[in-house]
Protein chains: 2
Amino acid sequence: MRSEFSLIGRFFSRPTHEAVLGAGDDAALLPVSPGMQLAISTDTLVAGRHFFADADPYGVGWKTMAVNLSDLAAMGAQPRWALLAITLPEADDAWLAPFSKGLYACARAFHTELVGGDTTGGPLTCTITILGEVPPELALRRDQAKPGDDIWVSGWLGEAALALRALQGLVELPDDALTICRAALERPSPRVELGLSLRHVAHAAIDISDGLLADLGHILERSDVGAELHFDSLPAHPALAHFLNQPWARNCLLAGGDDYELCFTAPASRQGEISAIGERLGLKLSRIGSITELPGLRLLDDRGTPMTIERGGYDHFA
Amino acid sequence: MRSEFSLIGRFFSRPTHEAVLGAGDDAALLPVSPGMQLAISTDTLVAGRHFFADADPYGVGWKTMAVNLSDLAAMGAQPRWALLAITLPEADDAWLAPFSKGLYACARAFHTELVGGDTTGGPLTCTITILGEVPPELALRRDQAKPGDDIWVSGWLGEAALALRALQGLVELPDDALTICRAALERPSPRVELGLSLRHVAHAAIDISDGLLADLGHILERSDVGAELHFDSLPAHPALAHFLNQPWARNCLLAGGDDYELCFTAPASRQGEISAIGERLGLKLSRIGSITELPGLRLLDDRGTPMTIERGGYDHFA
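Not measured: the values here are computed from a predicted model.

Asker: Quick question: what am I supposed to make of the overall build of chain A here?
Answerer: Counting its secondary structure elements, chain A contains 10 helices and 11 strands. For chain A, the C-alpha radius of gyration of 20 Å lies close to 20 Å, the compact-globule estimate for 318 residues. Taken over the C-alpha atoms alone, chain A extends approximately 65 × 50 × 35 Å along its principal axes. Expressed as a percentage of its 318 residues, the buried residues of chain A come to 61%. Nonlocal contacts in chain A, meaning residues at least 24 apart in sequence, comprise 85% of its contacts between residues at least 6 apart. For chain A, the separation between the mean place of its 25 positive charges and that of its 41 negative charges on side chains is 2 Å.

Asker: Quick question: what am I supposed to make of helix 10 (residues 271-281) of chain A here?
Answerer: Residues three or four positions apart in an α-helix share a direction because the helix packs 3.6 residues into each turn. All names here are of chain A. When we look at burial in helix 10, the residues that qualify are Ile274, Ile277 and Gly278. In an axial view of helix 10, the angular spread of the buried residues amounts to 100 degrees, which keeps them on one side of the axis. Turned more than 90 degrees from where helix 10 packs its buried face, Gly272, Glu279 and Arg280 sit exposed. Against the buried residues of helix 10 lie strand 6 (150-154), helix 6 (192-197), strand 9 (262-266) and strand 10 (285-292). Taken from the residues just after helix 10, Gly282 is the one with a positive phi, measuring 60 degrees.

Asker: Explain the interface of chain B and chain A here, please?
Answerer: Interfaces are often sized by the accessible area lost when the parts come together. Taken together, the contacts link 64 residues of chain B with 64 residues of chain A. Carbon and sulfur atoms supply 59% of the area that chain B and chain A bury against each other, a total of about 5100 Å² over both sides. Here chain B is connected to chain A by four salt bridges. Arg142(B) is the partner of Asp25(A) in a salt bridge, and the nearest nitrogen-oxygen pair spans 3.7 Å. The interface formed by chain B and chain A holds 17 residue pairs in polar contact (both at pLDDT 80 or more) in total. When grouped by side-chain class, the residues that make up the side of chain B that touches chain A number 31 nonpolar, 18 polar and 15 charged. The pairing of strand 1 (residues 28-30) of chain A with strand 2 (residues 37-46) of chain B spans three bridges and is antiparallel. Bridging across to strand 2 of chain B, Leu30(A) finds its partner in Leu38(B).

Asker: Sorry, what's going on with the domain arrangement of chain A here?
Answerer: All names here are of chain A. The assigned domain composition of chain A is domain 1 (4-138) and domain 2 (150-300). Taking the mean C-alpha position of each, domain 1 and domain 2 sit 25 Å from one another. Tallying the contact residues gives 22 residues for domain 1 and 20 residues for domain 2. Linking domain 1 to domain 2 there are two salt bridges. The partner of Arg187 in a salt bridge is Asp56, with the nearest N and O atoms 3.4 Å apart. Joining domain 1 to domain 2, the criterion identifies seven residue pairs in polar contact (both at pLDDT 80 or more). For the side of domain 1 that touches domain 2, the element with the most residues is helix 2 (residues 57-73), which contributes 10 residues.

Asker: What is the right way to look at a nonpolar patch on the surface in this model?
Answerer: Together, Phe52(A), Leu164(A) and Leu167(A) make up an exposed nonpolar region whose accessible area comes to about 230 Å². Mapped onto the elements of the fold, Leu167(A) is located in helix 4 (residues 159-167).

Asker: Got a minute to help me understand the packing of aromatic side chains in this structure?
Answerer: Any two aromatic rings considered together are summarised by their centre-to-centre distance and by the angle between their planes. All names here are of chain B. On inspection of all chains with the given rule, the structure shows six aromatic pairs over all chains. Ring plane angle 20 degrees and centroid distance 4.7 Å describe the contact between Trp95 and Phe99, whose orientation is recorded as stacked. With Trp95 and Phe99 both in helix 3 (residues 93-109), this residue pair falls four residues apart, about one helical turn. Given the relative accessible area of 13%, Trp95 is considered buried. Ring centres of Trp152 and Phe264 lie 6.1 Å apart, and the angle between their planes is 0 degrees; this geometry places the pair in the stacked category. One end of the pair, Trp152, is in strand 6 (residues 150-154); the other, Phe264, is in strand 9 (residues 262-266), and 112 residues separate them in sequence.

Asker: Looking at this structure, how should I read the side chain of Ser41(B)?
Answerer: Mapped onto the fold, Ser41(B) is located in strand 2. Of the polar contacts made by the side chain of Ser41(B), one reaches the backbone oxygen of Asp26(A); its length is 3.0 Å. Of the polar contacts made by the side chain of Ser41(B), one reaches the side chain of Asp71(B); its length is 3.3 Å. Residues within four places of Ser41(B) in sequence aside, it is in contact with Asp26(A), Ala27(A), Leu83(A), Asn68(B), Asp71(B), Ile128(B), Thr129(B) and Ile130(B).

Cut-offs applied
- Residues numbered from 1 in each chain as written.
- Chains lettered and ligands numbered in written order.
- Predicted model: local features only at pLDDT ≥ 70, side-chain atom pairs only at ≥ 80, totals over all residues.
- Heavy atoms only, no water.
- Helix = DSSP H or I, 4+ residues; strand = E, 2+ residues; numbered from the N terminus.
- Rg over C-alpha atoms; globule rule 2.2 N^0.38 Å.
- Buried < 20%, exposed > 50% of the residue type's maximum accessible area, 1.4 Å probe, protein only.
- Contact = heavy atoms within 4.5 Å.
- Lys, Arg positive; Asp, Glu negative; His and termini not counted.
- Charge placed at Lys NZ, Arg CZ, Asp CG, Glu CD.
- Arc of directions from axis to C-beta.
- Buried area = accessible area lost by both parts, 1.4 Å probe.
- Salt bridge = Lys/Arg side-chain N within 4 Å of Asp/Glu carboxyl O.
- Polar contact = N/O pair within 3.5 Å; in protein donor to acceptor, adjacent residues only side chain to side chain.
- Nonpolar A, V, L, I, M, F, W, Y, C, P; charged D, E, K, R; others polar.
- Pairing = 2+ DSSP bridges.
- Domains from an automatic or database assignment.
- Patch = residues over 30% accessible without salt bridge, like charges linked within 9 Å, V, L, I, M, F, W, Y side chains within 5 Å.
- Areas by Shrake-Rupley, 256 points an atom, 1.4 Å probe, with all protein chains shown as cover.
- Phe/Tyr/Trp six-rings, centres within 6.5 Å; stacked < 30°, edge-to-face > 60°.

As structure tokens, this is what we get:
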């Protein structure tokens, strides 16, 4: 067994460039840019709940950082710094080395520096606190959706939930489809560039971590509006589209967690700009419905008939 | 069982005054004061390791916040905001209500706002990320101790370790002594005011979470200096002083964790100012030794003879 200090020193103390003082003192010292607001969020991943206890540690490291970056993406914030609080049953180099590699790889890909943290013994849980910057008034909040806004979603929905089902042996997928869906589950790509591009365009945004219906529901609740969604407009990955006549597959699409795409609302007048952003980023952006004054969420089929909504999303205590 | 959102709403969503946007969006938005550096730190408390699983939840809430504030105190930073990531096996109102009360009580006592967090199911662990502000160049770092500096420590040492021993039935204490030592263990008081007062006075500082020798050792290592400590100058609480002829009691004093006092170094020319600070704050400040060019840490008895140092401090994987 090694001590906390030796662990931090060996795996989590790469030099920092954008901090005045990084890991190794009582606190990190960070020079927030003049005129910027600080955007800050924290998310925990628990072994056996958010990832399989025997999952590839590189992927766990990547995903722990990615799901936190996704929160900043949903605010339109530029990621800057991160802190890691990790609790682990033993100081296992064979696990920590690839974990830290995955964590740093994701951080580097999104220009984020690990500047501090805490290592302690206990059941395996990883908590990241992520910090970014956003100019005042430009953050993409949940409470600014307006009636008449289009509702958009990036990428595909339900891939991660489909991969999870396949890994649990509940559905069989062709190898290539499984590879794509597993990548969505294990190496999610936070939509940081999209969030930054939407700063002057979108009214409201959220990242889809608990499923489309649950997360869009937060926008509706906080903005005090309702929504109509067109089922046929939802971006179901081809591997999932194949099964959409079955309730479990519709559930993956509507309520599958772990997508880390952005759901956002914007005035109809901005459709051209939004399409151009999607083209510039090489990212599929789908217009899936609109915000209504009438409260509640209505899901319509291709004939405009309301469909039954089966469940609400991922519940952390379900 | 309740959902994450209901938990956050019921126990951790008191209104914020100093944040642009608090809990309830993807990230909190914080207005860092112009010209200030951000000081940020994170610390995790694990049930069964940092507190007894059946400990009074109010005290667990207080202590989780206090140990984090202590890190800012050691930087000379003014606390501003905190985030809480809590993992708990079930949504137990009877535990969460007093836990959140203790957490908020400590936060309020030190002018800190809870602005966000994450709640998830899993083994009971509480991680706080704490944010404060400090003017550039005035932070109390670990790497600025100079040969000739006096070494100081606030309050008493070893009280928390003595209380833990008493609770484990390894030593018997009179009721009044147990009450005082338990308060040190369960309701530690972060030395925020002291840290702020030392901004223009101290060269280096650290908070004593892992025991005096281990924590002073970090200052020595990072400042590339050594130290001489005078055993008779160490502030052993009277309840502990009584046992100092026994090795376990000397160990409480030198290496007992959980003290959350500050250890700091300052030029000898500042002794008068430091005594005045102690009087103003009603806080015992003891001069316990001095920084030397010669590396290593030497503990001297009342005749100046080196004493044997038995162990190094709390190891999170011991």
